[in-house]
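Descriptive analysis of the structure
For reference, the chains in residue letters:
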Amino acid sequence: MIKHDIVIVGGGLAGCRAALEIKRQDASLDVALIAKTHPIRSHSVAAQGGIAASLKNVDTEDSWEAHAFDTVKGSDYLADQDAVELLTKEAPDVIIDLEHLGVLFSRLPDGRIAQRPFGGHSYSRACYAADKTGHAILHELVNNLRHYGVHIYDEWYVLQLVLEEGEAKGIIVYQIRTGKLEAICAKAVLFATGGYGRVFNTTSNDYASTGDGLGMAAVAGIPLEDMEFVQFHPTGLYPVGVLVSEAVRGEGAYLINSQGERFMSHYAPSRMELAPRDITSRAIGLEIRAGRGINLDGSAGGSFVYLDVRHLGETQIKSRIPFAWEEAHRLLGIDAVTQPIPVRPTVHYCMGGIPVTTDGQVRQTADTLIERFFAAGECSCVSVHGANRLGSNSLLECVVYGRRVGLSIAQYVQGKDYPKVDLTHYLKQSENRLGALLQQKGTIRINVLRQAVQDCMSESCGVFRSESTLEAGLTQLQLLKEKYQELYLDDQGTCWNTELIEALEMQNILIVGEIILTSAIKRQESRGSHSREDYPLRNDPDFLKHTLAYYKNKSTNIDYMPVVINRFTPQERKY
Ligand SMILES: Cc1cc2nc3c(=O)[nH]c(=O)nc-3n(C[C@H](O)[C@H](O)[C@H](O)COP(=O)(O)OP(=O)(O)OC[C@H]3O[C@@H](n4cnc5c(N)ncnc54)[C@H](O)[C@@H]3O)c2cc1C
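Residues numbered from 1 in each chain as written. Predicted model: local features only at pLDDT ≥ 70, side-chain atom pairs only at ≥ 80, totals over all residues. Heavy atoms only, no water.

1. Some remarks on the sheet that holds strand β22 (residues 557-562)
In spatial order, the strands read β10-β21-β22; together these three strands make up an open sheet with antiparallel pairing. In this open sheet, the two edge strands, each paired with only one partner strand, are β10 (224-225) and β22. Together, β10, β21 (545-550) and β22 form the strand contacts of helix α14 (residues 498-522), whose direction differs from that of β22 by roughly 65 degrees. (Pairing = 2+ DSSP bridges. Helix = DSSP H or I, 4+ residues; strand = E, 2+ residues; numbered from the N terminus. Contact = heavy atoms within 4.5 Å. Axes fitted to C-alpha atoms, helices over the stretch in contact; angles between N-to-C directions.)

Shown next, in the form of structure tokens:
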């Protein structure tokens, strides 16, 4: 059995920032960071547009209070306001710290960090490195981890969280290169496993965003919070769904329907294309439904709209949003300098997740905590995004809460011993689980089942949902779940058996999908990204509360937890 003082699962921004902070607090702590990808291939590397902070380099009237208000309003008042206060107050400091670590932010002519406008933010506060912000930050963080001697296990897949008597005691992990299983015991475990975009058929997320941390936590009996809130990004490149960054609209792009009209004037006249994502995605959906979408031949009635940057001119396009230009060119053969880009909403971000305190410790219920277990980043829900996240606030969350959880873990483990546990028993269980999976004599290939599940989720739980679509989706998903027993794997090998990994990920996709649908059925109102056609209004008296879903096969239980409202009184949300 391997032992480390602290085990971090996830090499994205949240996991790396936490690891760095633990080492800064106490360099003698033995920290391991495990990732199923190489850390610099975590989805964070694909983040494009920016990271928010009220640095006031462009808009001098900005303040953390204004940033907090925008975030809470953007969240449709479901965010916990104490957590938002920490996020926005600590933002300028973490950005300066990143710059000191070596992150190359884009500059103003006078040398200060440049800032651009972003959806739902009332000032220009997104700091950026062209449209490759995640790449710039993650590379520096990973370099720093090497400097501090963090033990990196790259391309190891974590398949189980060992939780006994309300305490996390370790994990079971599989080395993808060799097929070796190991048990790792730690004084504290941190999950920073990212999102679940691959639960749906069209997403901006990478192939690794399969909700593993969420699935493992749910199976261990931990509730998942606010899982009905799935963010659809308005501008997924049609038809593939990869992201065209909000930075493109931040730089001044227009959204145009088949009549050549900037239709956002009907939905958010004061913010236009820079309305929050839930509102913009719904607007695109409604335009398409009304027959004002566009077809590939340019005629009306199709299933996308145009994102138009032609008026910005070649110099601005190629210097400020080069990646967006490259993407449209490489994937669709479109030259955005002279042609509009076809877009439609794509699944982008998970507002919900593993419920945590503002120190990152995981909750068992609204009032009790799990010992030795922490979470941060997209897989966690400290609820700074509530029912709808503002662009550029997620990288910020990873860095602010990565740092906070690192600090709290470094303090938590002081004077603590390793937990008492017999991990060999769990190791044996995992061996049996993998053996059984490899020997299954079914007839269904993994990609066939995955596609069916993803289609089911996208059809039943899209930008608009209702009780009938959600219930039908849940029934179908449960049938598909039974098909898991009928899978067969071609690859029986132990070296780089990606088919086996996909089969393990598939279990998490099924669990997370079921929790999303169950939580969405129970929330009988429309709030933020959760838009119920049968309950079109927000209902504060009954639903201004967080959902806590406790997974049980076919009978997930739903409980609720109060929202922290200590600064901004909920109002009608208009832009
Ligand atoms: C295309 C795109 C653009 C974006 N642009 C922006 C932006 O401009 N601004 C912004 O604020 N936000 C943006 N976001 C959102 C933001 O990038 C993410 O929310 C954030 O980076 C998530 O970081 P994370 O550390 O939580 O997880 P990730 O970066 O997703 O990392 C997850 C890690 O967990 C590991 N892992 C997962 N499961 C396992 C397992 N079973 N075993 C071992 N390891 C595992 C993975 O290997 C990976 O290392 C964007 C997202 C996308 C998809």
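Here the narrative resumes.
2. Examining the packing of helix α3 (residues 81-101) against helix α10 (residues 393-412)
Across the interface, α3 lies against α10 with an axial gap of 9 Å and an inter-helix angle of 90 degrees. As far as their axial angle goes, α10 and α3 are roughly perpendicular. Residues Ala 83, Leu 86, Leu 87, Glu 90, Ala 91, Asp 93, Val 94 and Leu 98 of α3 touch α10, and the partners they reach there are Asn 393, Leu 396, Glu 397, Val 399, Val 400, Tyr 401, Arg 403 and Arg 404. (Parallel < 35°, antiparallel > 145°, perpendicular 65-115°, else oblique.)

3. Topic: the packing of aromatic side chains
Each aromatic ring pair is described using two quantities: the centre-to-centre distance and the angle formed by the ring planes. All told, the structure shown has nine aromatic pairs when counted by the stated rule. Measuring from ring centre to ring centre gives 5.9 Å for Phe 304 and Tyr 306, while their planes differ by 55 degrees; the resulting arrangement is tilted. (Phe/Tyr/Trp six-rings, centres within 6.5 Å; stacked < 30°, edge-to-face > 60°.)

4. So, helix α13 (residues 467-483)
The end-to-end C-alpha separation of α13 is 25 Å, in line with the 24 Å expected for 17 residues at 1.5 Å each. Burial in α13 covers these residues: Leu 470, Gly 473, Leu 474, Leu 477, Gln 478, Leu 480 and Lys 481. Taken down its axis, α13 places every buried residue within 160 degrees of arc, on the same side. Turned more than 90 degrees away from the buried face of α13, the exposed residues are Ser 468 and Leu 479. Those residues of α13 hidden inside the fold are in contact with α12 (446-460), β19 (464-465), α14 and β20 (531-532). (Expected span 1.5 Å × (residues − 1). Buried < 20%, exposed > 50% of the residue type's maximum accessible area, 1.4 Å probe, protein only. Arc of directions from axis to C-beta.)

5. Structural notes on empty space enclosed by the protein
Tallied over the full model, the rule gives three cavities of 30 Å³ or more. One number sums up the size of the largest cavity: a volume of about 50 Å³. Lining the largest cavity, in full, are Val 230, Gln 231, Phe 232, Arg 277, Asp 278, Ser 281, Arg 282, Asn 388, Val 463 and Ser 529. Residue contributions to the lining of the largest cavity peak at four residues, all from helix α7 (residues 277-292). A class-by-class count of the residues in the lining of the largest cavity yields three nonpolar, four polar and three charged. (1 Å grid on protein atoms, 1.4 Å probe; cavity = no way out; pocket = protein on both sides within 12 Å on 5 of 7 lines; lining within 4 Å. Points joined across faces, edges and corners; volume = space filled by probe spheres on them. Nonpolar A, V, L, I, M, F, W, Y, C, P; charged D, E, K, R; others polar.)

6. Observations concerning the layout of surface pockets
Here the second largest pocket defines a volume of roughly 540 Å³. Only β7 (156-164), α5 (212-219), α11 (423-439), α13 and α14 provide two or more residues apiece to the lining of the second largest pocket. At six residues, β7 tops the list of elements feeding residues into the lining of the second largest pocket. Split into classes, the residues belonging to the lining of the second largest pocket amount to 14 nonpolar, nine polar and four charged.

7. Let's talk about the site of the ligand
Near the ligand you find 39 residues, and of these Ser 42, His 43, Ser 44, Glu 378 and Ser 394 are the closest. A distance of 2.8 Å separates a nitrogen atom of the ligand from a polar atom in the backbone of Gly 50. Summarising the interface, the protein chains cover 98% of the accessible area of the ligand, which totals 1000 Å² for the free molecule. Residues belonging to the shell around the ligand are distributed by class as follows: 16 nonpolar, 19 polar and four charged. (Near = heavy atom within 4 Å. Polar contact = N/O pair within 3.5 Å; in protein donor to acceptor, adjacent residues only side chain to side chain. Areas by Shrake-Rupley, 256 points an atom, 1.4 Å probe, with all protein chains shown as cover.)

8. A short note on the environment of Glu 327
In this structure, Glu 327 sits in helix α9 (residues 322-332). In this structure, Glu 327 is in contact with Gln 48, Leu 237, Val 242, Leu 243, Val 244 and Leu 332, ignoring residues within four places of it in sequence.

9. Observations concerning the side chain of Asp 59
With respect to the helices, strands and loops of the structure, Asp 59 is situated in the loop between β3 (51-52) and α2 (64-74). In this structure, Asp 59 is buried with no salt-bridge partner, the nearest side chain bearing the opposite charge being Arg 125 at 7.7 Å. Among the polar contacts made by the side chain of Asp 59, one reaches the main-chain amide nitrogen of Ser 124 at a distance of 2.6 Å. Sequence-distant contacts of Asp 59, that is, excluding residues within four places in its chain, are made with Tyr 123 and Ser 124. (Lys, Arg positive; Asp, Glu negative; His and termini not counted. Salt bridge = Lys/Arg side-chain N within 4 Å of Asp/Glu carboxyl O.)

10. Regarding the pairing of strand β11 (residues 230-237)
Burial runs high along β11: eight of the eight residues are buried. Of the pairings in the sheet, the one linking β11 to strand β14 (residues 341-350) comprises six bridges and is antiparallel in character. Residue pairing in the sheet places Val 230 in a bridge with Cys 350 of β14.

11. A look at the environment of Ile 34
Residue placement: Ile 34 occurs in strand β2 (residues 31-35). Sequence separation between Ile 34 and Val 9 is 25 residues, and the spatial gap between their C-alpha atoms is 4.9 Å. Discounting residues that sit within four places of it in the chain, Ile 34 has contacts with Val 7, Ile 8, Val 9, Gly 10, Gly 11, Tyr 153, Trp 156, Val 158, Ile 171, Val 173 and Ile 184.

12. Some details on the packing of α13 against α14
Packed helices, taken two at a time, are described by the angle between their axes plus the distance between the axes. Across the interface, α13 lies against α14 with an axial gap of 10 Å and an inter-helix angle of 160 degrees. Relative to α14, the element α13 lies roughly antiparallel. The two elements α13 and α14 cross, and the hand of that crossing is left-handed. Touching Leu 470, Glu 471, Gly 473, Leu 474, Leu 477, Gln 478 and Lys 481 of α13 are Leu 510, Gly 513, Glu 514, Leu 517, Thr 518, Ala 520 and Ile 521, all from α14. Looking at the contact of α13 with α14, its residues break down into seven nonpolar, four polar and three charged. (Left-handed = near helix turned anticlockwise from the far one by under 90°.)

13. Side note on the nonpolar core
Among the nonpolar cores identified, the biggest contains 145 residues, and Ile 51, Ile 171, Phe 191, Tyr 196, Ile 354 and Ile 516 are the most heavily contacted of them. Per element, the largest residue contribution to this core is 14 residues, and it comes from α14. If near-sequence neighbours (up to four positions away) are discounted, Ile 516 is found in contact with Tyr 196, Val 199, Phe 200, Met 227, Glu 228, Val 230, Met 457 and Cys 461. By size, the runner-up hydrophobic cluster in this structure holds 31 residues, among which are Ala 275, Trp 325, Ile 334 and Ala 336. (Core = buried A, V, L, I, M, F, W, Y, C linked by side-chain atoms within 4.5 Å.)

14. What about the sheet that holds strand β5 (residues 126-127)?
The three strands lie next to each other as β3-β5-β4, forming an open sheet whose pairing is antiparallel. Looking at which strands have only one partner, the edges of the open sheet turn out to be β3 and β4 (115-116). Two strands pair when backbone bridges link them, and β4 and β5 are joined in this way by two bridges, in the antiparallel orientation. When the sheet's bridge partners are listed, Gln 115 is paired in β5 with Cys 127.

By themselves, these are just geometric observations and shouldn't be taken as functional.
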